[in-house]
Amino acid sequence: MCGIVGFYGPPSKKAVYDIISGLLSLQHRGQDSVGVVTFDDKFHVKKGLGLVSNVFKKVNLDSLPGSIGMGHVRYTTQGSNEIMNVQPFTVNYPFGLSMVHNGNVINFNYLRKYLYEEHHRLLETSNDLELLLYTLASELELHDLKNLSIDDIFDSVKSTQQKVRGAYATITVIANKGLLVFTDPYGIRPLVMGKKDTPDGPCYGFASESTCFDYLDYEVIGDIGAGEIVFIDNDLNVHRRTGFVEKPAHCIFCYIYFSREDSIMRGQLVADLRVKMGRMLAEKMREEGFEPDIVIDVPSSAYFFASGLSEELGIPYRRGFAKNNHIGRSFISPTQSEREKVVRNKLNPIREVVKGKKVAVVDDSIVRGTTSKHIVSLLRKAGADKVYFVSAAPPIVSPCIYGIDMATKGELIANCGSIDKINEIIGADATIYQSLEDLQKLCEKVKLPVCDACFSGNYPTGDTREIFAEIEQERLSSRK
Ligand code: AMP
């Protein structure tokens, strides 16, 4: 999962300022690297490993001129975290094309071969963005380049969407032509469009989450739908069409974990959906006969689940952990022992809150069990009488192949055999998971068509085992 932004405004506008603000608001979506491209009469690029605030600390933003540009924050799922893999990527023919994307291309072996044999393009990195960029470039190349029309651009994107399988939300600057945006046929990854009117003309923006536009004071126009294509030409006219579309399947994990609680995606305020999910968990706890004294959360993404649960159970919510906000996301650390160390350094239980209590501790999800095991042990050491570990997500049984690093199948704790075994591994008195059926009913009720492959094993792209094995292999080798 990554965060992307793109902006195009009148000539007086310096796109880079909105790009940097936008990326700062999306920093939670990726902390491995950051890259920015702007264009005036040539591309201007700045990339680096680490956080936006570090990479751009000493950069004079005026060295990135132009009223059009885009940026990317990366959370590595495919390829290694090296500067050569940092987005955006640029090609010079046909036209200058510079692109960012969020997601994961799954038919990379096919595309690698196709691009080399049919279009004589050799990949240079292990980043799947190259596959998207080169496929789009190859499709554009088939048209009359001197007289490239808007229809030619849309046709090229549609053919790209038909060839490139997987999840992608993309933004492309086409030199001297405009800003192009499209998503995969299922709309697995989010992308939102915004607009701000200025005395010199409209500014258009695209971002992974609507929150970005709150900070920039843009009006949110709406989501980019499954398979949709938007092109902003040089006169700032908006051209919007449907490309290659399949049944929409928006990533449910974006709502559960990845996105900020103040984001509105596909008409759903993330915080609101989380509260509803928390309420559903109360019913499950009652059914299973658990009667906690207090509800606490694992900071920060679980707060709204916990508040929904406590409201519905009619028992108090307390902040049970103090969090060190200066430590990054634990999951992203490369080894198990490093992950454990990060979890320990990040959270400290508030002894007086949990001592002698039956505590229901809520987290957004349990993946490998690293976090939950440590949380339970910390709560026990702090004197909790009983610890019920509550997962707002259903059991994660199948890895995500669309850009969320969820470990390999064998590493997923939900595949260990039984709930008793899970209790034993993490040391909890009980583990309570959201039911997949309840979650699916909720999504239906709020009219949110989702991809829940990580819980159900039903992949919207209908993938073969072969592709699955290739992805797992690629992931394991990039970890090395
Ligand atoms: P684990 O410790 O492996 O069980 O992972 C679960 C913890 O990591 C939870 O506290 C989540 O908040 C967080 N988490 C879950 N999924 C992801 C992900 N794909 N990337 C980063 N963090 C995650």
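Residues numbered from 1 in each chain as written. Predicted model: local features only at pLDDT ≥ 70, side-chain atom pairs only at ≥ 80, totals over all residues. Heavy atoms only, no water.

1. Section: the site of the ligand
Then comes step 1: Near the ligand lie 16 residues; those nearest to it are Asp363, Asp364, Val367, Gly369 and Thr371.
Then comes step 2: In the model, an oxygen atom of the ligand is placed 2.8 Å from a nitrogen or oxygen of the arginine 368 main chain.
Then comes step 3: Between an oxygen atom of the ligand and a main-chain N or O atom of glycine 369, the distance comes to 2.7 Å.
Then comes step 4: In the complex, the protein chains occlude 96% of the 490 Å² of accessible area that the ligand would expose alone.
Then comes step 5: When contributions to the shell around the ligand are tallied by element, the ones reaching two or more residues are helix H7 (252–258) and helix H12 (370–381).
Then comes step 6: Here the residues of the shell around the ligand sort into eight nonpolar, four polar and four charged. (Near = heavy atom within 4 Å. Polar contact = N/O pair within 3.5 Å; in protein donor to acceptor, adjacent residues only side chain to side chain. Areas by Shrake-Rupley, 256 points an atom, 1.4 Å probe, with all protein chains shown as cover. Helix = DSSP H or I, 4+ residues; strand = E, 2+ residues; numbered from the N terminus. Nonpolar A, V, L, I, M, F, W, Y, C, P; charged D, E, K, R; others polar.)

2. What to know about the environment of phenylalanine 7
Then comes step 1: The residue phenylalanine 7 is located in strand S1 (residues 3–8) in this model.
Then comes step 2: With 20 residues separating them in the primary sequence, phenylalanine 7 and glutamine 27 have C-alpha atoms 17 Å apart.

3. Regarding the nonpolar core
Then comes step 1: Among the nonpolar cores identified, the biggest contains 91 residues, and Leu180, Phe182, Phe253, Met285, Tyr402 and Phe455 are the most heavily contacted of them.
Then comes step 2: Built from parts of two domains, this core gets at least three residues from each of domain 1 (3–249) and domain 2 (271–448).
Then comes step 3: Here methionine 285 is in contact with Phe290, Pro292, Leu309, Leu313, Ala360, Tyr388, Val390 and Ile432, once residues within four sequence places are set aside. (Core = buried A, V, L, I, M, F, W, Y, C linked by side-chain atoms within 4.5 Å. Buried < 20%, exposed > 50% of the residue type's maximum accessible area, 1.4 Å probe, protein only. Domains from an automatic or database assignment. Contact = heavy atoms within 4.5 Å.)

4. A few points about the domain arrangement of the protein
Then comes step 1: Here the protein is described as being made up of domain 1 (3–249) and domain 2 (271–448).
Then comes step 2: Placing a centre on the C-alpha atoms of domain 1 and another on those of domain 2 gives a separation of 35 Å.
Then comes step 3: Listed per partner, the contact involves 12 residues of domain 1 and 10 residues of domain 2.
Then comes step 4: Across the interface of domain 1 and domain 2, roughly 900 Å² is buried in total on both sides, 58% from carbon and sulfur atoms.
Then comes step 5: On the domain 1 side of the contact with domain 2, Gln31, Tyr75 and Arg189 bury the most area, a combined 47% of that side's loss.
Then comes step 6: Seen at the junction of domain 1 and domain 2, the total is zero salt bridges.
Then comes step 7: Here domain 1 is connected to domain 2 by two residue pairs in polar contact (both at pLDDT 80 or more).
Then comes step 8: Of all the secondary structure elements, the ones that give two or more residues to the side of domain 1 that touches domain 2 are strand S6 (97–105) and strand S7 (166–174).
Then comes step 9: Of the residues belonging to the side of domain 1 that touches domain 2, the class tally is four nonpolar, six polar and two charged. (Buried area = accessible area lost by both parts, 1.4 Å probe. Salt bridge = Lys/Arg side-chain N within 4 Å of Asp/Glu carboxyl O.)

5. Considering the sheet that holds strand S5 (residues 89–91)
Then comes step 1: An order of S5-S6-S7-S8-S12-S13 is seen for the six strands of this open sheet, with the pairing classed as antiparallel. Taken across any chain shown, the strands that pair with only one partner, and hence form the sheet edges, are S5 and strand S13 (238–242). The mean inter-strand angle of the sheet, taken between neighbouring strand axes irrespective of direction, is 15°.
Then comes step 2: As paired strands, S7 and strand S8 (residues 178–183) are joined by six bridges and run antiparallel to one another. Paired with threonine 172 across the strands is leucine 180, a residue of S8.
Then comes step 3: Contacts from helix H4 (residues 129–141) reach S5, S6, S7 and S8 within the one sheet, and its direction differs from that of S6 by about 130°. (Pairing = 2+ DSSP bridges. Axes fitted to C-alpha atoms, helices over the stretch in contact; angles between N-to-C directions.)

6. Topic: the pairing of strand S3 (residues 43–49)
Then comes step 1: The sheet contact formed by strand S2 (residues 33–39) and S3 spans seven bridges and is antiparallel. Residue serine 33 lies in a different strand from S3, and its bridge partner there is leucine 49.
Then comes step 2: Between S2 and the antiparallel strand that follows it, S3, lie three residues.

7. With respect to the pairing of strand S17 (residues 294–297)
Then comes step 1: The side-chain alternation of S17 yields two buried faces, one formed by Ile294 and Ile296 and the other by Val295 and Asp297.
Then comes step 2: Both S17 and strand S20 (residues 358–363) contribute to a ladder of four bridges, which runs parallel. The residue bridging valine 295 from the neighbouring strand is alanine 360, located in S20.

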